[in-house]
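These are the residues of each chain, in order.
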Amino acid sequence: MTTGPDPSSQPVQVNRREFVLSVMSVAAASGAVNAAPVPAQPAQAVADVPLTFVVNGQQHSLTIDPRTSTLDLLRERLALTGAKKGCDHGQCGACTVHIDGRRVVACLTPTLQLEGRRVDTIEGLQGAGGSLHPMQQAFIDHDALQCGYCTPGQIMAAIACVREGNADSPERIKEYMSGNLCRCGAYNGIVAAIGQAAGRMGEV
Amino acid sequence: MREFTLIRARSTQDAVQAMASHPDARLMAGGTTLYDLMKLGVERPPAIIDINGVKELGAFDTGGTRELVFGSLARMSDVAADPRLVKDYPALSESLWRAASQQLRNMASLGGNVLQRTRCAYFRGGEPFACNKRVPGSGCAALDGIDRGHALLGTSPHCIATYPGDFAVALVAFDAVLDVLGPSGMRSIPIEALHRLPGERPDLETTLGPGEIITRIRVPVTKLGRGSTYHKIRDRESYAFALSSAAAAVTMKGGKVEQARIALGGVATKPWRARVAEQGLVGRELTIETALAAGFAAFMDARTGRHNAFRIELGARTVADALLIAAKRIST
């Protein structure tokens, strides 16, 4: 485990998402010149809490508004945008990450629960030299995605599903992957991919 | 989301003391219901008491000869996969793994699950919908609304919200008992007495007193466990709330029903024990006909709304199927 600086206190490279967002806000602003001004939200005096936790092997110590979700922490402060915000209410699984080795939905995990815990996200899967995890390769092999938005959540849930021992039949895979929705309907490929990776994960 | 004061409890005593000094605080375990409702603005606690560090509440023991004991902070996924439960109390295991998703079951605690709040869209949706549970005295938008998923049993003119949980339904079938710690010490209450009927005060959902915390759930050891099931009918095959569900358990003697337990989920305002239906089965053979008769007996007092009448027959057939599945498990 390495101890690194808090990325939130450092300049972060503009990634694709931030670029898209900034373009969108320019477009929105230019289309809204005649709209009534939105009153500013009154600043609330929230007591930030100190928090120490590990993400993908790197320790972070920061202070944070305890209302923040783990999903927003990962995406907005740590620039880890792999976990996706689909519903933000625990109904779609797109934000699935592992906490202390167990799969959870990051959107319903308030950061106040992260003290001393270990978070693993899709960004931490990559092996030495950029090699793919067997589950990532299996998703490619089986065309287990179309638009890809749900894929990071699917893959993190799938890896946990195999490790739990819940991937020994297509029926069991379907039951234990039901918390991850795919609106493109790539389910057949997803089930096949997990079946393949279940065998290969055992070999590694 | 309203700002809140964060308090971390290290022991059950800590949590009780914190509640005494912060009367409007809410306990947070997994947070899967509470944090969700806080995001929606339905729950607005000024203080949160995080109990995830209270290790003494997390254990469970299914090896006892008199009772199974579950700490209220045990997680749904861990208990669902317990080998003794899978083998000897399948209804309890199934009521857990047929709820939510594995991600949510890894997070959610047993105590929190028992206290899960309704999924009524008018309760969760906030303004402009009236809801006597959310804002007492404001009315009930569901009465003239989309009531397809709303309750048929235990309703009142003030609320028809369905109790959404599954585990508590199975617990009611097995006469479980809750141990509760509060400012005046420990007491035990039957699970059936935990949830209130909505009546004129739908906002009062349980009989827990101010500052009380569920510490343990105890299930008496019973030979009814082996021949049991939790049968759950949903709009999709998995990861949905019940349109109707039934916890059923039977013992047989000489080809006839010796004892029967039936509890209903997804159709009532609280976990619903169907005693009249149980009694009608005792001493009779268990056939499709007698099972269906028990199913319809369970819904004798049902009151339907505009869009939910189909769930009487669905519910009766759910009970009948559950009884037959349960009996098959002990027919060797």
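It should be emphasised that the depicted structure is a prediction, and the values quoted were computed from it without experimental measurement. (Residues numbered from 1 in each chain as written. Chains lettered and ligands numbered in written order. Predicted model: local features only at pLDDT ≥ 70, side-chain atom pairs only at ≥ 80, totals over all residues.)

S.K.: Can you break down the overall build of chain B residue by residue, with the values?
M.R.: Summing up its helical and strand segments, chain B has 12 helices and 12 strands in all. Relative to the compact-globule value of 20 Å for 332 residues, chain B shows a C-alpha radius of gyration of 20 Å, a close match. Once the C-alpha set of chain B is aligned to its principal axes, its extents read approximately 60 × 50 × 35 Å. Expressed as a percentage of its 332 residues, the buried residues of chain B come to 53%. (Helix = DSSP H or I, 4+ residues; strand = E, 2+ residues; numbered from the N terminus. Rg over C-alpha atoms; globule rule 2.2 N^0.38 Å. Buried ≥ 20, exposed ≤ 12 C-beta atoms within 10 Å, placed from the backbone.)

S.K.: So what's going on with the overall build of chain A? Which residues, and what values?
M.R.: Each helix and strand counted, chain A has 6 helices and 6 strands in total. For chain A, the succession of helices and strands along the chain, N to C, is β-α-β-β-α-β-β-β-α-α-α-α. Residue burial in chain A is summarised as follows: out of 204 residues, 38% are buried. Contacts in chain A between residues at least 24 apart in sequence constitute 63% of all its contacts with a sequence separation of at least 6. (Contact = placed C-beta atoms within 7 Å.)

S.K.: A description of the interface of chain A and chain B should follow, citing residues and the corresponding values.
M.R.: Each partner contributes residues to the interface: chain A has 24 residues there, and chain B has 18 residues. Broken down by secondary-structure element, the contributors of at least two residues to the side of chain A that touches chain B are β5 (102-105) and α5 (170-176) of chain A. Tallying contributions element by element places β5 of chain A first for the side of chain A that touches chain B, with 4 residues. In terms of residue class, the side of chain A that touches chain B is made up of 10 nonpolar, 9 polar and 5 charged. (Nonpolar A, V, L, I, M, F, W, Y, C, P; charged D, E, K, R; others polar.)

S.K.: Go over the confidence of the model for chain B, please, and point to the residues and values.
M.R.: With 100% of its residues at a pLDDT of at least 70, chain B reaches an overall mean of 97. At the level of chain-chain contacts, confidence expressed as ipTM amounts to 0.96, with global pTM at 0.92. (pLDDT = per-residue confidence, 0-100.)

S.K.: Let's hear about the domain arrangement of chain B: which residues, and what values?
M.R.: On domain assignment, one finds that chain B holds domain 1 (5-53) and domain 2 (228-328). Domain 1 of chain B and domain 2 of chain B are separated by 36 Å when their C-alpha centres are compared. (Domains from an automatic or database assignment.)

S.K.: Please set out helix α1 (residues 12-21) of chain B residue by residue, giving values where relevant.
M.R.: Residue and element names in this part refer to chain B. All of the buried residues along α1 are A15, V16, A18 and M19. One side of α1 holds all its buried residues, which, seen down the axis, span an arc of 160°. At its buried positions, α1 is contacted by β1 (5-8), β2 (26-28), β3 (47-50), β6 (177-182) and β8 (213-220). (Arc of directions from axis to C-beta.)

S.K.: Quick rundown of the environment of I191 of chain B? Include the residues and the values.
M.R.: Residues and elements named next belong to chain B. Among the secondary structure elements, I191 is positioned in the loop between β7 (185-190) and β8. Sequence spacing of I191 and V276 is 85 residues, and the spatial spacing of their C-alpha atoms is 19 Å. Setting aside chain neighbours within four positions, we find I191 in contact with A168, L171, V172, A176, V177 and L178.

S.K.: Summarise the sheet that holds β3 of chain B; cite the residues concerned and give the values.
M.R.: Residue and element names in this part refer to chain B. Taken together, the 3 strands give an open sheet; going across it, the order is β1-β3-β2, and neighbouring strands pair in parallel fashion. A single partner strand is all that each edge strand has here, and the edge strands are β1 and β2. Averaged over all pairs of adjacent strands, the angle between strand axes in this sheet comes to 30°, irrespective of strand direction. Bridging between β2 and β3 involves 3 bridges; their strand directions are parallel. Note that in β3 the partner of L27 across the bridge is I49. (Pairing = 2+ DSSP bridges. Axes fitted to C-alpha atoms, helices over the stretch in contact; angles between N-to-C directions.)

S.K.: A description of the confidence of the model for chain A should follow, citing residues and the corresponding values.
M.R.: In the predicted model, chain A carries a mean pLDDT of 85, and 76% of its residues have values of at least 70. Note on residues 18-45 of chain A: pLDDT is under 50 here. Beyond four places in sequence and across chains, it has 2 contacts.

S.K.: Got a sec to walk through the domain arrangement of chain A? Specific residues and values, please.
M.R.: All names here are of chain A. Domain annotation for chain A reports domain 1 (47-124) and domain 2 (128-203). Listed by partner, the interface residues are 13 residues for domain 1 and 11 residues for domain 2. Contributions of two or more residues to the side of domain 1 that touches domain 2 are made by β4 (96-99) and β5. Per-class residue counts for the side of domain 1 that touches domain 2 are 6 nonpolar, 4 polar and 3 charged.

S.K.: An account of helix α4 (residues 151-164) of chain A is requested, with residue identities and associated values reported.
M.R.: All names here are of chain A. Along its 14 residues, α4 runs 20 Å from first to last C-alpha, staying within 8% of the 20 Å computed at 1.5 Å per residue. Across the 14 residues that make up α4, a large majority, 12, are buried. Of the positions making up α4, those classed as buried are T151, P152, G153, Q154, I155, M156, A157, A158, I159, A160, C161 and V162. Of the residues trailing α4, G165 is marked for its positive phi of about 85°. (Expected span 1.5 Å × (residues − 1).)

S.K.: With reference to specific residues and values, describe unusual backbone geometry.
M.R.: For the bond running from E127 of chain B to P128 of chain B, omega is 5°, close enough to zero to count as cis. In this model, D143 of chain A sits at a positive phi of 55°, which is unusual for a non-glycine residue. Mapping D143 of chain A onto the fold places it in the loop between α3 (134-141) and α4. The class of D143 of chain A is partly exposed, set by 13 C-beta atoms lying within 10 Å. Here D175 of chain B, not a glycine, exhibits a phi torsion of approximately 55°, which is positive. Turning to its location among the elements, D175 of chain B is positioned in the loop between α9 (167-173) and β6. By the C-beta count within 10 Å, which is 16 here, D175 of chain B ends up partly exposed.

S.K.: Lay out the pairing of β6 of chain B in plain terms, naming residues and giving numbers.
M.R.: Judged from the 6 bridges that link them, β6 of chain B and β7 of chain B form a sheet pairing that is antiparallel. The residue bridging V177 of chain B from the neighbouring strand is P190 of chain B, located in β7 of chain B.

S.K.: So what about the packing of helix α11 (residues 288-298) of chain B against helix α12 (residues 310-328) of chain B? Which residues, and what values?
M.R.: All names here are of chain B. Between α11 and α12, the shortest axis-to-axis distance is 7 Å and the interhelical angle comes to 135°. By the angle between their directions, the pair α11 and α12 is classed as oblique. Handedness of the crossing formed by α11 with α12: right-handed. For the pair α11 and α12, the contacting residues are I288, A291, L292, A294, G295, F296 and A298 in the first and A316, R317, V319, A320, L323 and L324 in the second. (Parallel < 35°, antiparallel > 145°, perpendicular 65-115°, else oblique. Left-handed = near helix turned anticlockwise from the far one by under 90°.)

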